[in-house]
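Listed below, chain by chain, are the residues.
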Amino acid sequence: MHHPAPDTALRRKTRPSWLRAVAVALAIAPAAARAEDPAPAAAAQPAQAAAPQALETHVGLIYRPQPAPSSYDAEAAPEDEGLAGAKMGIADNNTTGRFTKQTYVLDEVALTDDKPDAVAAAKELIGKGVRYLVLALPADAVLAVADAVKDTGAVVLNAGAPDDRLRGAECRANVFHILPSRAMLTDALAQYLTVMRWRKLFLIVGPTDADKAYADAMRNSARKFALKITAEKPWTFGPLAKARGDTPTRAEAMVFTRGLDYDMAIVADEEGDWGDYVPYRTVDPRPVGGTQALTPTTWSPVLETWGAAQAQNRFRRLASRLMRPLDYQVWAAVRTVGEAVTAKKTNDPAVIAPYLVEPAFTLPAYKGVPLSFRPWDHQLRQAIIVVQPKALVSVAPEQGFLHQRTPLDTLGVDLPETTCKFK
């Protein structure tokens, strides 16, 4: 009978013991490790608990609904003007927020005769934790709110006051201007007139303070772009654009334009009381522009390029009407908050406010170019469309108007001319 060699037999006897020892060691080691160092299990639990929570940002809107007209007015401002734009902005922010774990909520306050105080409305929103206030209000109300919430860290977004003084001597560090200043609007029109070589202007000025401010801006733009105001007259014939029937006043207004040498009449009528009466009624056949007829503006239903047609359709589905300039301006204000919060992953206004004036911040807003804020007065740079009621005529800045930073800074008050010293 064959017997294995002694050393072979020894290996057969010792190998199972050795393997068993290794197996026992391998089995014991993980258990010992788990017993001695519970860190992996402990780490697994915080990982689940630290799942990102949805970041909720509240945006406040303070606006004054327009009263219904006492008689028929085909272009009366809708009651939800501005509010509808805010709702679309919130919806757009939340569309992006689904992917970034962020949600946005609109807290709107409508000022009425029973609740007329914008400052009280702002403090009420601040008390609820709102730190972004969109204002569709006149200049004095913007200043009052900005000063009242200055110590809270809240960011104020001006969507309704075009006054140049808010970007100049009365500028505030906590206010960002979404809509163009009057200077930007009249510069846009002046650039178009320069391109067309319509250099001689007849300026017609309405009776209100807003009309006079628009006229001041137009005079400055004329000087800036080497245009000449060859005639200027105040409008003294009342609200003929809203009058019914023929009156002797109409005949007097026809004579109003006789014997003047000009290429274009510029009307300054921000309330829309009489400016629409002037086109086609001048003694000499001349185009009309300014606040009516050929108009520089932020938004119009005739804008279709750069994705604007899709925005127009989305707004019409939401509001069952056409988007107006104030709707667009409030929408852009709400989207400004959304873009900044998305980029910085925080809704802390102490982080967001400085970021808004950094070169990294831009706002896509259906204008063909990204928009950004000017650090020296917090004005949102933007293209201005020049439109007539049924068509887009041009877009400013016009080709050929150059600037060392961006052509957008050819519109409005540039850094060397600014009088803004933030308060």
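Residues numbered from 1 in each chain as written. Predicted model: local features only at pLDDT ≥ 70, side-chain atom pairs only at ≥ 80, totals over all residues. Heavy atoms only, no water.

So, the nonpolar core
Counting 48 residues, the largest nonpolar core has Leu61, Val134, Leu157 and Val330 as the members making the most contacts within it. Looking at this core element by element, the count peaks at 10 residues for helix α10 (residues 325-344). If sequence neighbours within four positions are ignored, Leu61 has contacts with Gly82, Leu83, Ala86, Leu106, Asp107, Glu108, Val109, Val134 and Val330. Formed by 25 residues, the second largest nonpolar core is a distinct cluster that contains Ala122, Leu125, Leu143 and Val175. (Core = buried A, V, L, I, M, F, W, Y, C linked by side-chain atoms within 4.5 Å. Buried < 20%, exposed > 50% of the residue type's maximum accessible area, 1.4 Å probe, protein only. Helix = DSSP H or I, 4+ residues; strand = E, 2+ residues; numbered from the N terminus. Contact = heavy atoms within 4.5 Å.)

Concerning helix α3 (residues 83-100)
Over its 18 residues, α3 runs 25 Å from end to end, which matches the ideal 26 Å to within 8%, given 1.5 Å per residue. Along α3, the residues classified as buried are Leu83, Ala84, Gly85, Ala86, Met88, Gly89, Ile90, Asp92, Asn93 and Gly97. Structurally, α3 contributes buried residues whose contacts are with β1 (55-63), β2 (102-110), α9 (308-319) and α10. The positive-phi residue at the C-terminal boundary of α3 is Lys101, with phi of around 60 degrees. (Expected span 1.5 Å × (residues − 1).)

Digging into the confidence of the model for the chain
Chain-level statistics for the chain give a pLDDT mean of 89 and a share of 87% at 70 or above. Here residues 1-47 scores under 50 on pLDDT; set against residues more than four positions off or in separate chains, the count is 3 contacts. (pLDDT = per-residue confidence, 0-100.)

As for the sheet that holds strand β3 (residues 132-136)
With respect to topology, 5 strands assemble into an open sheet ordered β2-β1-β3-β4-β5, the strand pairing being parallel. Among the strands making up the open sheet, the edge pair consists of β2 and β5 (175-177). In this sheet, adjacent strand axes meet at a mean angle of 25 degrees when their direction is disregarded. Across 4 bridges, β3 lies against strand β4 (residues 155-158) in parallel orientation. (Pairing = 2+ DSSP bridges. Axes fitted to C-alpha atoms, helices over the stretch in contact; angles between N-to-C directions.)

With respect to empty space enclosed by the protein
Counted according to the given criterion, the structure contains 2 cavities of 30 Å³ or more. Considering only enclosed or pocket space, the largest cavity measures out at about 50 Å³ in volume. What lines the largest cavity is Ile204, Trp235, Ala253, Phe256, Thr257, Tyr277, Val278, Arg281 and Thr282. Looking at side-chain class alone, the lining of the largest cavity contains 6 nonpolar, 2 polar and 1 charged residues. Size it by volume and the second largest cavity reaches roughly 30 Å³. Taken together, Asp164, Arg167, Ser181, Met184, Arg374, Asp377, Gln379, Gly412 and Val413 form the lining of the second largest cavity. Here the residues of the lining of the second largest cavity sort into 2 nonpolar, 3 polar and 4 charged. (1 Å grid on protein atoms, 1.4 Å probe; cavity = no way out; pocket = protein on both sides within 12 Å on 5 of 7 lines; lining within 4 Å. Points joined across faces, edges and corners; volume = space filled by probe spheres on them. Nonpolar A, V, L, I, M, F, W, Y, C, P; charged D, E, K, R; others polar.)

Overview of the side chain of Ser300
Within the secondary structure layout, Ser300 lies in the loop between β10 (295-297) and α9. On the basis of relative accessible area, Ser300 is assigned to the buried category, the value being 7%. If near-sequence neighbours (up to four positions away) are discounted, Ser300 is found in contact with Gln312, Ile385 and Val387.

A word on the state of the cysteines
Summed over all chains, the structure comprises 1 disulfide. Two residues, Cys171 and Cys420, share a disulfide whose sulfurs are 2.1 Å apart. When the S-S torsion is 95 degrees, as for the bridge of Cys171 with Cys420, the disulfide is right-handed. Here Cys171 is found in the loop between β4 and β5, whereas its partner Cys420 is found in the segment after β12 (391-396), with 249 residues between them in sequence. A relative accessible area of 0% places Cys171 in the buried class. The buried category is assigned to Cys420, whose relative accessible area is 12%. (Disulfide = S-S within 2.5 Å.)

Things to note about the environment of Ala183
Topologically, Ala183 is positioned in helix α6 (residues 182-196). Each C-alpha atom, one on Ala183 and one on Ser221, is 7.1 Å from the other, the two residues being 38 residues apart in sequence. Other than its neighbours up to four places away in sequence, Ala183 contacts Asp164, Ala217, Ser221 and Gly412.

Notes on the sheet that holds β12
Strand order in the open sheet formed by 3 strands is β10-β11-β12, and the pairing between neighbours is antiparallel. Edge positions in the open sheet fall to β10 and β12, since each of these has one partner strand only. Adjacent strand axes in the sheet meet at a mean angle of 30 degrees, parallel and antiparallel pairs treated alike. Sheet topology places strand β11 (residues 384-388) next to β12; 5 bridges connect them, and they run antiparallel. Looking across to β12, one finds that Val387 is bridged to Leu392.

With respect to the packing of aromatic side chains
All told, the structure shown has 16 aromatic pairs when counted by the stated rule. Site record: aromatic cluster; members linked through ring pairs are Phe202, Trp235, Phe237, Phe256, Tyr262, Trp274 and Tyr277. Cation over ring: Lys233 sits above Phe256, and NZ or CZ is 5.2 Å from the ring centre. In this structure, Arg286 packs its charged tip against the face of Tyr262, placed 5.9 Å from the ring centre. (Phe/Tyr/Trp six-rings, centres within 6.5 Å; stacked < 30°, edge-to-face > 60°. Lys NZ or Arg CZ within 6 Å of the ring centre and 35° of its normal.)

Comments concerning the pairing of β1
Relative to β2, β1 runs parallel, the two sharing 9 bridges. Along β2, the bridge assignment pairs His58 with Val105. Regarding the hand of the β-α-β motif, the stretch spanning β1, α3 and β2 is right-handed. With 5 bridges joining them, β1 and β3 adopt parallel strand pairing. Of the residues in β3, the one forming a bridge with Gly60 is Leu133. (Right-handed = clockwise from strand over helix to strand, strands pointing away.)

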